[in-house]
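So you can see what is in the structure, the chains are spelled out below.
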Amino acid sequence: MSALKDRLRADLITAIKARDEVRSSTLRMVLTSITNAEVAGKEARELTDDDILGVLSSEAKRRREAATAFADGGREEMAAKEAAEGEVIAEYLPTPLTDAEVSELVSAAIAQTGAAEEGMRAMGKVMGVVTPQVKGRADGGAVAAEVRKQLG
């Protein structure tokens, strides 16, 4: 069993004992998403820590988008709830990369693949090198935008 999943379960028990409603409901929801990911597909499988980080990142992204949507719609209490859930999930994610760090990784990948001469046609090559390095630590859209900027 993955260490991250064990940590999530232990923290859920602690949150329940402490009667921390936001934390316990968020951790329950995350563990349910992990279980759903494990049984998705043709046969059930045990997720690795990397797979679990992927689930956590998508859940965190979902919370950010929902908080923005609620705030735009004038539902401040719902936006605050989604933001609080996002903060709980963020505690389990690796520290996010800064824009400068993403830019540096993209520059290194372009140099490594020799993509500078090919221009935009080499975007797939560069993304193939950069994506595993930033997995769970940077938004894919922001990385793609940086690659476009540097290649274009």
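What counts and what doesn't
- Residues numbered from 1 in each chain as written.
- Predicted model: local features only at pLDDT ≥ 70, side-chain atom pairs only at ≥ 80, totals over all residues.
- Heavy atoms only, no water.
- Helix = DSSP H or I, 4+ residues; strand = E, 2+ residues; numbered from the N terminus.
- Buried < 20%, exposed > 50% of the residue type's maximum accessible area, 1.4 Å probe, protein only.
- Contact = heavy atoms within 4.5 Å.
- Areas by Shrake-Rupley, 256 points an atom, 1.4 Å probe, with all protein chains shown as cover.
- Lys, Arg positive; Asp, Glu negative; His and termini not counted.
- Charge placed at Lys NZ, Arg CZ, Asp CG, Glu CD.
- Expected span 1.5 Å × (residues − 1).
- Arc of directions from axis to C-beta.
- Domains from an automatic or database assignment.
- Axes fitted to C-alpha atoms, helices over the stretch in contact; angles between N-to-C directions.
- Parallel < 35°, antiparallel > 145°, perpendicular 65-115°, else oblique.
- Left-handed = near helix turned anticlockwise from the far one by under 90°.
- Salt bridge = Lys/Arg side-chain N within 4 Å of Asp/Glu carboxyl O.

Give a detailed account of the overall build of the chain, specifying residues and quantitative values.
Looking only at helices and strands, the chain features seven helices and zero strands. Each helix and strand of the chain, placed in order from N terminus to C terminus, yields the pattern α-α-α-α-α-α-α. Projected onto its principal axes, the C-alpha positions of the chain cover 60 × 40 × 30 Å. Going through the 152 residues of the chain one by one, you find that 33% of them count as buried. Contacts in the chain between residues far apart in sequence, at least 24 positions, make up 59% of those at least 6 positions apart. Roughly 9000 Å² of accessible area belongs to the chain as shown, and the carbon and sulfur atoms make up 54% of that amount. The chain carries 21 positive and 26 negative side-chain charges, and their two centres are separated by 4 Å.

Give a detailed account of helix H6 (residues 123–134), specifying residues and quantitative values.
Over its twelve residues, H6 extends 16 Å from the first C-alpha to the last, a length consistent with the 16 Å expected when each residue adds 1.5 Å. Of the positions making up H6, those classed as buried are Met-123, Val-126, Met-127, Val-130 and Val-134. For H6, the arc enclosing every buried residue in end-on projection is 95 degrees, short of the 170-degree limit, so these residues lie on one face. When the buried face of H6 is taken as reference, the exposed residues oriented beyond 90 degrees from it are Gly-124 and Pro-132. The inward-facing, buried residues of H6 contact helix H5 (99–113) and helix H7 (140–151). A positive backbone phi angle near 80 degrees is found at Gly-136, which sits one or two residues after H6.

With reference to specific residues and values, describe the domain arrangement of the chain.
The domain architecture assigned to the chain consists of domain 1 (3–91) and domain 2 (99–151). Look at where the C-alpha atoms of domain 1 and domain 2 centre, and you get two points 28 Å apart.

Tell me what's going on with unusual backbone geometry, and back it up with residues and numbers.
In this structure, Arg-19 takes a positive phi of about 60 degrees despite not being glycine. With respect to the element layout, Arg-19 can be found in the loop between helix H1 (3–17) and helix H2 (21–39). Of the residues examined, Arg-19 reaches a relative accessible area of 70% and is grouped as exposed.

An account of the packing of H6 against H7 is requested, with residue identities and associated values reported.
At a minimum axis distance of 10 Å, the contact between H6 and H7 shows a crossing angle of 140 degrees. Taken together, the axes of H6 and H7 lie oblique to each other. Here H6 and H7 pass one another in a crossing that is right-handed. Residues Met-123, Val-126, Met-127, Val-130 and Val-134 of H6 form the contact with H7, whose own contacting residues are Gly-140, Val-143, Ala-144, Val-147, Arg-148 and Leu-151.

I'd love a proper account of the pattern of salt bridges, names of residues and values included.
The full count for this structure, using the stated rule, is eleven salt bridges. Here Glu-38 and Lys-5 are joined by a salt bridge, their closest N and O atoms 2.8 Å apart. Residue Glu-38 is found in helix H2, and its partner Lys-5 is found in helix H1; the two are separated by 33 residues along the sequence. For Lys-5, a relative accessible area of 3% puts it in the buried group. Connected through shared salt-bridge partners, Glu-59, Arg-62, Arg-63, Lys-81, Glu-82 and Glu-85 make up one network.

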